[in-house]
Amino acid sequence: MDETYRIEDLAHLSGATVRTIRAYQDRGLLPRPERRGRANVYGDAHLVRLRQIADLLDRGYTLASIKELLEAWDAGRGLGGVLGLAAEVDGPWTDEEAVRISRAELSERFGGAPDDAAVADAVELGVLEPVPGDGDSFLVPSPQELAVAVELHAAGVPLSAIAGHLRELRGQVEHIAARFLEFTTEHVFARYLDGPYRPTDSEAAEAASLVRRLRPLAQQTVDAELARAMRLLAVRQLRQHLGKDEAPELRNQTRNVSIPAETIQAVENLVGPEQAPEFIALAAEREVRARALDRLAASHAPSADLDETP
């Protein structure tokens, strides 16, 4: 036999206020109570419904969308599968576990000097989360992200620059995530989301399984492409820095050089008058590089004594 509750008892058990319960009734989210004499009586079904609403609100659903879901449930179209899919999407997208760190430990990891401005930036960015009731501790949702900041600071990067870089990077990464979601929605999930009805329990369960399978693909793709780009750009930047003492502005300048007329004539006969200057420049550059290679080879050549036989 179902339990019966007064509205005050229902509010206490569900965690909702009396005012909230009445508002849910007015919006059609909660069935009206049974009238017994002069009293309104609620049952277990009301308590279950209030807990469902609270769960959906925690998942980020609006009251309007919750009403649609509950109406689908009442019509027999299923709610469990949809909630399972929502739970899969809402679940952690990383294996990292949050850790707790004290303010003193945080200062020590960043050189020992407290920096309230840097802490405020970290809290704003979500790198640190204040612990309610404990002003000396923070929760670190991503220990890896904090470890990167520690290493960059130890290498000489100011904390303000690290925070600014993270803001810029976060915007770019969110764009990548949005594009990946658009791509998978169009080609994978559209068949579950489009249409006049919400997916059945079996369809939602299938979609949840796909989320589990596709979840690591985004990170794997970004990791591979980041490695490729870093290799390409790092080599390019290294070459630029190693060659910066060569006065790059001279590369596009020319100088007059005296070359015998018979040499010029021979080159023109070989490649034509228009291409003669380029041919002479390339030939000179090839000779310079060849001599540099000869010097490198000579400096590492084995001693002649080793080849002599006694």
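Since this is a predicted model, take the numbers as computed values, not measurements.

Our next topic: the side chain of serine 142. As for its position among the elements, serine 142 is in the loop between strand S6 (134-140) and helix H8 (143-154). Relative accessible area serves as the criterion here: at 16%, serine 142 is assigned to the buried category. A polar atom in the side chain of serine 142 sits 2.7 Å from the side chain of glutamate 96.

Taken in spatial order, the three strands make up an open sheet running S4-S6-S5, and their pairing is antiparallel. Each edge of the open sheet is held by one strand with a lone partner, namely strand S4 (99-102) and strand S5 (129-131). Taken pair by pair, the neighbouring strands of this sheet meet at an average axis angle of 40°, ignoring direction. Relative to S6, S4 runs antiparallel, the two sharing four bridges. Of the residues in S6, the one forming a bridge with serine 102 is serine 137.

Its location among the elements puts aspartate 95 in the loop between helix H5 (80-90) and S4. Counting along the chain gives 47 residues from aspartate 95 to serine 142, while the straight-line C-alpha distance between them is 9.8 Å.

The next point concerns the pairing of strand S3 (residues 39-43). Judged from the two bridges that link them, strand S1 (residues 4-5) and S3 form a sheet pairing that is antiparallel. By the bridge assignment, tyrosine 5 is partnered in S3 with tyrosine 42. Across three bridges, strand S2 (residues 34-36) lies against S3 in antiparallel orientation. Counted as the bridge partner of arginine 35 is asparagine 40 from S3.

Next up on the list: the nonpolar core. If you look at the biggest cluster of nonpolar residues, it comprises 17 residues, and the most contacted ones within it are Leu10, Ile21, Tyr24, Leu29, Leu50, Ile53 and Ile66. Secondary structure elements with two or more residues in this core: helix H1 (7-14), helix H2 (18-26), helix H3 (44-58) and helix H4 (63-74). Once you skip the residues sitting within four places of it in the chain, leucine 10 turns out to touch Tyr5, Ile21, Tyr42, His46, Leu47 and Leu50. Membership of the second largest hydrophobic core comes to 16 residues, among which are Leu106, Ala122, Val140 and Ala149.

This next bit is on H1. Considered for burial, the residues of H1 that qualify are Ile7, Leu10, Ala11 and Ser14. The buried residues of H1 occupy an angular sector of 100° when the element is viewed end-on, so they sit on one face. In this fold, the buried residues of H1 make contact with S1, H2, S3 and H3.

We now examine the side chain of serine 107. When you line up the elements, serine 107 lands in helix H6 (residues 103-109). Those residues in contact with serine 107, other than ones at most four positions away along the chain, are Gly112, Ala113 and Pro114.

For the rest of this paragraph, the subject is the packing of H1 against H2. Contact pair H1 / H2: the axes reach a minimum separation of 9 Å and the direction vectors enclose 100°. What the angle tells us is that H1 and H2 run roughly perpendicular. Contacts between H1 and H2 involve Ile7, Glu8, Leu10 and Ala11 from the first element and Val18, Ile21 and Arg22 from the second. In the contact of H1 with H2, the residues fall into five nonpolar, no polar and two charged.

Geometry of a packed helix pair, given as the angle between the helix axes and the separation of the axes. It is at 10 Å that the axes of H1 and H3 come closest, and there the two elements cross at 40°. In terms of orientation, H1 lies oblique with respect to H3. For H1 against H3, the interelement crossing comes out right-handed. Here H1 contributes Leu10, Leu13 and Ser14 to the contact with H3, which in turn contributes His46, Leu47, Leu50 and Arg51. Grouping the amino acids of the contact of H1 with H3 by side-chain chemistry returns four nonpolar, two polar and one charged.

For the coordinates displayed, the defined rule picks out eight salt bridges. Across the pair glutamate 34 and arginine 36 runs a salt bridge, and its minimum N-O distance is 3.3 Å. Residues joined in a network through salt bridges with shared partners are Asp121, Glu124 and Arg167.

What counts as what
Residues numbered from 1 in each chain as written. Predicted model: local features only at pLDDT ≥ 70, side-chain atom pairs only at ≥ 80, totals over all residues. Heavy atoms only, no water. Helix = DSSP H or I, 4+ residues; strand = E, 2+ residues; numbered from the N terminus. Buried < 20%, exposed > 50% of the residue type's maximum accessible area, 1.4 Å probe, protein only. Polar contact = N/O pair within 3.5 Å; in protein donor to acceptor, adjacent residues only side chain to side chain. Pairing = 2+ DSSP bridges. Axes fitted to C-alpha atoms, helices over the stretch in contact; angles between N-to-C directions. Core = buried A, V, L, I, M, F, W, Y, C linked by side-chain atoms within 4.5 Å. Contact = heavy atoms within 4.5 Å. Arc of directions from axis to C-beta. Parallel < 35°, antiparallel > 145°, perpendicular 65-115°, else oblique. Nonpolar A, V, L, I, M, F, W, Y, C, P; charged D, E, K, R; others polar. Left-handed = near helix turned anticlockwise from the far one by under 90°. Salt bridge = Lys/Arg side-chain N within 4 Å of Asp/Glu carboxyl O.

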